[in-house]
Amino acid sequence: MGKEKKTESYDNGSYNYKMFKCFNRKFKINEVQPTDDVRDAFCQFSVGGSGGGDGDSSDDGVMGAEQLCSFLDDNQVNSATTVAEAQRLIDEVIRRRHHVTRFTRHGLDLDDFFNFLFYDDLNPPITPHVHQDMSAPLSHYFIYTGHNSYLTGNQLSSDCSEVPVIKALQRGVRVIELDLWPNSTGTDINVLHGRTLTTPVPLITCLKSIRDHAFSSSPYPVIITLEDHLTADLQAKVAEMATQIFGQMLYYPESESLEEFPSPASLLHRIIISTKPPKEYLESRNPIGKQKENGNASPSSEEETPGTEEIQTLESILFYQDCDNKSDSDQEEEEASEDQKPAYKRLITIHAGKPKGTVKEEMKVVVDKVRRLSLSEQELDRTCSSNSQDVVRFTQKNLLRIYPKGTRFNSSNYKPLIGWTHGAQMIAFNMQGYGRSLWLMHGMFRANGGCGYVKKPNFLMKKGFHDEVFDPKKKLHVKETLKVFIVGVPADNAKRKTRVIEDNWYPIWDEEFSFPLTVPELALLRIEVREYDMSDKDDFGGQTCLPVSELRPGIRSVPLYDKKGEKMKSVRLLMRFIFE
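Note that the coordinates shown come from a computational prediction; the quantities given were computed from them, not determined experimentally. (Residues numbered from 1 in each chain as written. Predicted model: local features only at pLDDT ≥ 70, side-chain atom pairs only at ≥ 80, totals over all residues. Heavy atoms only, no water.)

(A) Broad picture of the packing of aromatic side chains. Counted according to the given criterion, the structure contains 13 aromatic pairs. Pairing Phe142 with Trp420 gives two aromatic rings, centres 6.3 Å apart and planes at 55°, and the pair type is tilted. Of this pair, Phe142 sits in strand 4 (residues 141-143) while Trp420 sits in helix 15 (residues 417-421), placing them 278 residues apart in sequence. Ring centres 5.1 Å apart and planes at 70° place the aromatic pair Tyr414 and Phe429 in the edge-to-face group. Within this pair, whereas Tyr414 is found in the loop between strand 12 (399-403) and helix 15, its partner Phe429 is found in the loop between strand 13 (426-427) and helix 16 (436-444), the two being separated by 15 residues in sequence. The class of Phe429 is buried, set by a relative accessible area of 0%. These aromatic residues form a ring-pair network of at least three members: Phe42, Phe45, Phe71, Phe113 and Phe116. When the ring centre of Tyr119 is taken as origin, the NZ or CZ atom of Arg96, which lies over that ring, is 4.7 Å away. Across the ring face of Tyr561, the terminal group of Arg446 is positioned such that the distance to the ring centre comes to 4.0 Å. (Phe/Tyr/Trp six-rings, centres within 6.5 Å; stacked < 30°, edge-to-face > 60°. Helix = DSSP H or I, 4+ residues; strand = E, 2+ residues; numbered from the N terminus. Buried < 20%, exposed > 50% of the residue type's maximum accessible area, 1.4 Å probe, protein only. Lys NZ or Arg CZ within 6 Å of the ring centre and 35° of its normal.)

Structure, rendered in structure tokens:
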């Protein structure tokens, strides 16, 4: 059905595509050659060859360990590289490009040097390891956060499974969300999106998957946020499951509430739980019954329910019928039973909640207590419009989680930058889809070695003499200029487009763009490659997103990713970054 069909015919260095079975489209496949910038850099730092001595060599020179070290120091602004490390880089390039048993040269020629620059693991665009201070409280970090982490597709009818949870953990996500509901008999716990047609997955399956994959990509703590719709007996069963499955991995404090959150460094290879304490659950666990008395009552879940009350699972119907049928004495007995079973409450490290009154009142900072507050994306917009500095002040000590609005049935996502610029740590995203908003999320958390925790900029944590904090609405001056689509705070939004290179597998654009930045700490460089099409929408060719604060100056290899964020094999851009 496609309009193009690949053929195996070659003609004068071209590759043919049969289009509409009528005519051929030829792409040049000439071997890619070093660009002028690469050739100039090699000639400047190599020795030998027809050019003579150091600094006066030509294309047939050799770049040894000392010369490569000088190049990395002067051109790549990487002064930490030693001669021994430079020699290891040379040996690795030679090993990859030549048969090591028959190759004795210990330096790089021009082609070797060009290939070295293209190896994104040897010449990455950002720092590839954890390098930020990890000893501050959790509230000082942006945390890679998933939303409804168990869903395989849309929010209304897709399957629930442990597979998306595993994929998220392997990508570096550190906050996993599980919605807990009683099964049809009320004797066990399922994970599903309540009041929808999603098919459930047993809680025990999800917990075991988290245990087995929690630290496959990062040693820093995994936070499980629970949307709890359970009776006291089932809460006790959750506590039993968690303690048995996680064992020593499960962290919980000795005191009932924390005065300050622990640090990521103090929680290496630990799992912590965040949800509403049982008392708050018991007060709000019968929303249908309360709505008969009070039309303003809200469900016990932190989040909005998708759609209307007519969309309900069998489990939720039976559960609420059970709640309605209980007498006052039954309620008292159950509360007493909860008092006798404190295990569940004791396991909650991060106490969570949703605003009961005005958001402004909820965001008042309590001196001796920290907590997590959840807001929808619309609530965040409204709050930031009227009380932006209150949000920044709250997030200096407490955790703020933002979740997608309930009408995003297709598992789409919102723009994360407004939350980050106000200090919100947990921007909960649907990880199972794709799109530009999710690419921004991927880009932000490539920072700090991809460990899932990114230190918030200092200006979001500072307070003035009169308790004043950063104002995201304030107009700022340009701090620096990046020469090379920048996405960051509103003042830093800009877009540039290269010229079209037609019919060439190895395009060289040789173009320079400048982006003035007022808040480079939160700016993201998003790059998208498309194949130009005169008659139809341009075809997607690859994308990436990089945190500007972590970009390494110099000529760098930038790998590209597909729409779902999976790294593409052997598809890279060679780019130069300069900060002024």
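Picking up after the structure, the text goes on.
(B) Representation of unusual backbone geometry within the structure. Phi is positive for Ser411, which is not a glycine, with a value near 65°. Mapped onto the elements, Ser411 comes out in the loop between strand 12 and helix 15. Taking the relative accessible area as the measure of exposure, Ser411 reaches 5% and is therefore buried. With a phi angle near 65°, Asp467 is a residue other than glycine that sits in the positive phi range. As for its placement among the helices and strands, Asp467 is situated in the loop between strand 14 (453-455) and strand 15 (480-483).

(C) Expanded view of the packing of helix 1 (residues 36-45) against helix 4 (residues 110-118). Contact geometry for helix 1 and helix 4: axes closest at 10 Å, N-to-C directions at 120°. One way to sum up the angle between helix 1 and helix 4 is to call them oblique. With respect to the hand of their crossing, helix 1 and helix 4 are arranged in right-handed fashion. Residues Val38, Arg39, Ala41 and Phe42 of helix 1 touch helix 4, and the partners they reach there are Leu110, Phe113, Phe114 and Leu117. Its residues placed into classes, the contact of helix 1 with helix 4 shows seven nonpolar, no polar and one charged. (Axes fitted to C-alpha atoms, helices over the stretch in contact; angles between N-to-C directions. Parallel < 35°, antiparallel > 145°, perpendicular 65-115°, else oblique. Left-handed = near helix turned anticlockwise from the far one by under 90°. Contact = heavy atoms within 4.5 Å. Nonpolar A, V, L, I, M, F, W, Y, C, P; charged D, E, K, R; others polar.)

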